[in-house]
2 protein chains.
Amino acid sequence: MIEIDPERLLKDLSTLRSFGAVGNGVVRTAFSDIDMASRRWLAEQLANADLKASVDGVGNVIATTEECSRSLLIGSHSDTQPTGGWLDGALGVIYGLEIARSYTEAGRLPGIGIDVVSWMDEEGTYFSSLGSRSFCGEFTDAELFELPSVQGGSIGDLLQRVGLGETSRSILDHDRYLGYLEAHIEQGPFLEKTGHRIGVVTSIVGVRDFVIRFHGSQNHAGTTPMNLRRDAGMAAVRTIHGLDRMLAATARDKTVWTFGEIRLHPGAASIVPGEAQVHLQVRDSDEGFLDLVTRQVEAHVEDFGRSSEVGLELESLQDAVRAVEMDDRMQGYCAHAAEVLVPGEWMRMQSGAAHDAQILASKMASGMIFVPSIGGVSHDFNEDTGADDIVLGCQVMAAAVGAILQDAAK
Amino acid sequence: MIEIDPERLLKDLSTLRSFGAVGNGVVRTAFSDIDMASRRWLAEQLANADLKASVDGVGNVIATTEECSRSLLIGSHSDTQPTGGWLDGALGVIYGLEIARSYTEAGRLPGIGIDVVSWMDEEGTYFSSLGSRSFCGEFTDAELFELPSVQGGSIGDLLQRVGLGETSRSILDHDRYLGYLEAHIEQGPFLEKTGHRIGVVTSIVGVRDFVIRFHGSQNHAGTTPMNLRRDAGMAAVRTIHGLDRMLAATARDKTVWTFGEIRLHPGAASIVPGEAQVHLQVRDSDEGFLDLVTRQVEAHVEDFGRSSEVGLELESLQDAVRAVEMDDRMQGYCAHAAEVLVPGEWMRMQSGAAHDAQILASKMASGMIFVPSIGGVSHDFNEDTGADDIVLGCQVMAAAVGAILQDAAK
């Protein structure tokens, strides 16, 4: 029912890429001048597709179909990592544009529309998933302005600086939405390794972040005998080694854990480190399991601290992301569309990465589809996906959207 | 025979401290404006003590007693760490000034002098022990100018910049020197912990520095399953853990080893580290043992690399410092002086830190004495030593110097 135009899709993706292009990659972090410019461009394209489009008070591009009381929300985010790939987020946003435009051209079903969105700051340059959280009503205006930015200062300061301080925000209308559908690159190697072209997402993993701080004594590395040291660096290494073994023994089939940051202070060849800091992140699709792991990490750190000369301090970061299931009906629409277009060449899979759909899922029926990432690479200039897979992903999504709208019209 | 003036000693130490004082500490890194100013001040004080004093072509302050054919060289360095203590180096330099001055005042032995020195850049801001290496003839002028600076560029550029490019260097005269004596704060906790007031140094440890680099694959921490990761950070942690156990099993009584630097790239919570770098430093007073440890480290890293998905690369840094013994006769003079002044309250000990005496020891009979460091603290603004210990150290050194000069006059 909705017939997309592959050439127009690839051309628009390429235009969005040109905002912040660096080699094969893109630098278009949230709220940067180039990000704001790309959002104004996107709103123009959506307006040309006969939607009512604007940039709202947190920088979300929201485009609504007028004169309809029910609508399907589709899109993703167009901000990038500091050194990001060209498709992460952008793919789902341009799918939204192309599908809404094709729906308009095909002639809309009476009273049933498509709304398209590009969320602000999914990548957390200032505040992770700020745009989708705002849309889902997670904070009042006053709370929003007080939110601490990862970069220091408040989100209120940031919004004033980019000229959004006085702009009103779009907050979801519960009665309007049939659901939310988001397409994204997989950002992992599964589809490619198993020879599948489409992933239908079953769940998005939850994330637990821990910071462990070690307080020892800074000393001269030549004159301080081993038995008198309180070496924060070695305490960090032993704690990581122990936690890694504990996690390997506890892990479920798809649990992942990462020690992405190890910082020693002062970090010089001839100085016994006085302070150290380690970041541990654990991801799993089962909230109960993540709670269990949290208790185990706490117990392990406490045990180690009791037997160590070095002081340990564990902080469970507040912005934990809860694991969510994708809506069964949404999964069904996507699976059906994939099976019709590429029989046997699609699979159901969990998402190891966080997405705006995780936020939306608490408010409406939500679903996601994935297209393959070449070599599983993402958050990197080398991120890429074949043009045929890009086009196929949009066709599958368009078919799923068409079926959802038709069923809603019945 | 040489009677020092405690008040004058403490006053001169305090004046030198005022060059670059920051709170209780001092910032007077080699070749900085404040370092150069302090060296001109020091040369003036030495000239006032009837020595021929100047700043040479690498910034060494060298003061010689004229009209004598044989001399004892005494001193230390007056440059500091980036955030240094007020006594590290400065103590031994001002001891030199006070002892030479007192010797002049007491009336010199015919033909036998004291030369005083403040070496340049012992701390290695640009090139470790540059001044004493220069004096010992480790490089020609051409080689000196080509030396790479730790800060980038060459030592030649640096010397031009501070106006020493055309100044000639003092190179040691083998026939002149009876030996070299250096006093220093201990920079460790032994004297204080064992209730001793003077340390007579038996040897200075050798140092071996290793950098281990890990080459893995940078990946998304959510979407990359554990069994497909090439995590450079975890490879670093496992290597450190293994090397630490190996070193603990091999170590002699006073061997020390330090992993002072661990760097992950990119070092972000949600990214599997693609690269890591670790610095290992091992110190021991036995060169043969250090060579053995080097072979063991090489074998361990090679073994780990063979069984790891991550590539490992070991670099033994070129500027290894060789362990040296202090001269027996010099030790004897210092021990005798200490036993006369504080019977039973002195000890023989090795130096875990490197010193200019390590460089001088290959060219002439060299000795060192230590005074206690409060809390074992050094390379830190909080470094300190009690005034009574400062005065005692100078009296012990003056007595040792007096005995050396008298024996030489016989």
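Residues numbered from 1 in each chain as written. Chains lettered and ligands numbered in written order. Predicted model: local features only at pLDDT ≥ 70, side-chain atom pairs only at ≥ 80, totals over all residues. Heavy atoms only, no water.

Residues and elements named next belong to chain B. For strand β7 (residues 177-185), a buried count of nine out of nine residues is recorded, marking the element as mostly surrounded by other parts of the structure. By the bridge criterion, four bridges tie strand β5 (residues 70-77) to β7 in an arrangement that is parallel. Residue pairing for β7: L72 is matched across the bridge by G179. Across six bridges, β7 lies against strand β17 (residues 366-371) in parallel orientation. Pairing of L181 across the sheet is with G367, part of β17. (Buried < 20%, exposed > 50% of the residue type's maximum accessible area, 1.4 Å probe, protein only. Helix = DSSP H or I, 4+ residues; strand = E, 2+ residues; numbered from the N terminus. Pairing = 2+ DSSP bridges.)

As a further point, take the sheet that holds strand β14 (residues 311-316) of chain B. Residues and elements named next belong to chain B. If you trace the four strands from one edge of the open sheet to the other, you get β11-β13-β9-β14, paired in antiparallel fashion. Because the sheet does not close on itself, it has two edges, and the strands there are β11 (256-265) and β14. Geometrically, the sheet is characterised by an average inter-axis angle of 15° between neighbouring strands, direction not taken into account. Pairing analysis gives six bridges linking strand β9 (residues 206-215) to β14, with the strands arranged antiparallel. Directly across from R213, in β14, lies its bridge partner E313. In this fold helix α8 (residues 232-250) packs onto β9, β11, β13 (275-284) and β14, with an angle of close to 15° to the strand it touches most, β13. (Axes fitted to C-alpha atoms, helices over the stretch in contact; angles between N-to-C directions. Contact = heavy atoms within 4.5 Å.)

Right, let's get into the interface of chain A and chain B. Accessible area lost upon the coming together of the parts serves often as the stated size of an interface. In this complex, chain A contributes 49 residues to the contact, which on the side of chain B involves 49 residues. Interface area for chain A against chain B, summed over the two sides, is near 4,100 Å², with a carbon-plus-sulfur share of 61%. Run the count over chain A and chain B and you get two salt bridges. In this assembly, chain A and chain B are joined by 14 residue pairs in polar contact (both at pLDDT 80 or more). Per element, the largest residue contribution to the side of chain A that touches chain B is nine residues, and it comes from strand β11 (residues 256-265) of chain A. Residue classes in the side of chain A that touches chain B are distributed as 20 nonpolar, 19 polar and ten charged. (Buried area = accessible area lost by both parts, 1.4 Å probe. Salt bridge = Lys/Arg side-chain N within 4 Å of Asp/Glu carboxyl O. Polar contact = N/O pair within 3.5 Å; in protein donor to acceptor, adjacent residues only side chain to side chain. Nonpolar A, V, L, I, M, F, W, Y, C, P; charged D, E, K, R; others polar.)

Let us now look at the relation of the copies chain A and chain B. Copies of the same chain, two in number, are related to each other by a rotation about an axis and a translation along it. Expressed as a screw operation, the relation of chain A to chain B combines 0.2 Å of axial shift with a rotation of 180°, fitting to an RMSD of 0.2 Å. The transformation just described matches what one would write down for a two-fold rotation axis. For chain A, the minimum C-alpha distance to the rotation axis belongs to V237 of chain A and amounts to 2.8 Å. Taken together, the interface assignments show that 98% of the residues at the interface of chain A recur at the interface of chain B, consistent with an identical surface on both copies. (Least-squares fit on C-alpha atoms with pLDDT ≥ 70 in both.)

Relative to the elements of secondary structure, H220 of chain B occurs in strand β10 (residues 219-220). On the accessibility criterion, H220 of chain B (5% relative accessible area) is buried. A distance of 2.8 Å separates the side chain of H220 of chain B from the backbone nitrogen of G222 of chain B, its partner in a polar contact. In terms of polar contacts, H220 of chain B uses its side chain to reach the backbone amide nitrogen of T223 of chain B, at 3.3 Å. In this structure, H220 of chain B is in contact with Q187, R283, A353, S378 and H379 of chain A together with S270 and V272 of chain B, ignoring residues within four places of it in sequence.

All names here are of chain A. One pass over the structure, following the stated rule, counts twelve aromatic pairs over all chains. Taken together, the aromatic side chains of W119, F135, Y177 and Y180 make up a single cluster linked through ring pairs. Lying across the ring of W86, R17 places its NZ or CZ 4.0 Å from the centre. (Phe/Tyr/Trp six-rings, centres within 6.5 Å; stacked < 30°, edge-to-face > 60°. Lys NZ or Arg CZ within 6 Å of the ring centre and 35° of its normal.)

Now for the pattern of salt bridges. Residues and elements named next belong to chain A. In the structure shown here, the tally under the stated rule is 46 salt bridges over all chains. Note that D141 and R169 form a salt bridge whose closest N and O atoms lie 2.7 Å from each other. With D141 in helix α5 (residues 141-146) and R169 in the loop between α6 (155-161) and β7 (177-185), this residue pair connects regions lying 28 residues apart in the sequence. Across the salt bridge formed by E302 and R306, the nearest N and O atoms sit 3.4 Å from each other. Of the two residues, E302 and R306 both sit in helix α9 (residues 287-307), four residues apart, roughly one turn of that helix. A single burial state applies to E302 and to R306, both of which are exposed.

It is worth spelling out the sheet that holds strand β13 (residues 275-284) of chain A at this point. Each strand in a sheet pairs with another by means of backbone hydrogen bonds, the pair being arranged parallel or else antiparallel. All names here are of chain A. With antiparallel pairing, the four strands of this open sheet are ordered in space as β11-β13-β9-β14. Whereas interior strands pair on both sides, the edge strands pair on one side only; in this sheet they are β11 and β14 (311-316). Between one strand axis and the next, the sheet turns by 15° as a mean value, whatever way the strands run. Alignment of β11 against β13, held across nine bridges, turns out to be antiparallel. Paired with E261 across the bridge in β13 is H279. Of the strands in this sheet, β9 (206-215), β11, β13 and β14 are in contact with helix α8 (residues 232-250), which crosses β13 at around 15°.

Once that is clear, we can look at unusual backbone geometry. The peptide bond linking H265 of chain A to P266 of chain A adopts the cis configuration, its omega dihedral lying at 0°. Structurally, P266 of chain A can be placed in the loop between β11 and β12 (271-272). Unusually for a residue other than glycine, E67 of chain A sits at a positive phi of about 55°. Along the chain, the position of E67 of chain A falls in the loop between β4 (61-64) and β5 (70-77). Backbone geometry places F31 of chain B, a non-glycine residue, at a positive phi of 70°.

Contact pair α8 of chain A / α8 of chain B: the axes reach a minimum separation of 9 Å and the direction vectors enclose 110°. If you check the angle between α8 of chain A and α8 of chain B, you find them roughly perpendicular. Helix-helix and strand crossings are classified by hand; for α8 of chain A and α8 of chain B the assignment is left-handed. When α8 of chain A is examined against α8 of chain B, the residues M234, V237, R238, I240, H241 and D244 of chain A are found in contact with a partner set consisting of M234, V237, R238, I240, H241 and D244 of chain B. Looking at the contact of α8 of chain A with α8 of chain B, its residues break down into six nonpolar, two polar and four charged. (Parallel < 35°, antiparallel > 145°, perpendicular 65-115°, else oblique. Left-handed = near helix turned anticlockwise from the far one by under 90°.)

Another point: α9 of chain A. Residue and element names in this part refer to chain A. With 21 residues, α9 extends 31 Å between its outermost C-alpha atoms, agreeing within 8% with the 30 Å of an ideal straight helix rising 1.5 Å per residue. Those residues of α9 that sit buried are E287, F289, L290, V293, T294, V297, V301 and F304. The arc that holds the buried residues of α9, viewed along the axis, is 145°, so those residues lie on one side. Along α9, the residues that are exposed and aim more than 90 degrees away from the buried face are R295, E302, R306 and S307. Along its buried surface, α9 packs onto β9, α8, β13 and β14. The backbone nitrogen of G288 lies 2.7 Å from a side-chain oxygen of the residue at the head of α9, namely D286. (Expected span 1.5 Å × (residues − 1). Arc of directions from axis to C-beta.)

On to the domain arrangement of chain A, then. All names here are of chain A. Under the domain assignment used here, chain A contains domain 1 (6-205 + 325-409) and domain 2 (207-316). Relative to domain 2, the C-alpha centre of domain 1 lies at a distance of 36 Å. Opposite the six residues of domain 1 that make contact, domain 2 presents five residues. The contact between domain 1 and domain 2 buries some 480 Å² in all, and 54% of this surface belongs to carbon and sulfur atoms. Connecting domain 1 to domain 2 are zero salt bridges. There are two residue pairs in polar contact (both at pLDDT 80 or more) connecting domain 1 and domain 2. (Domains from an automatic or database assignment.)

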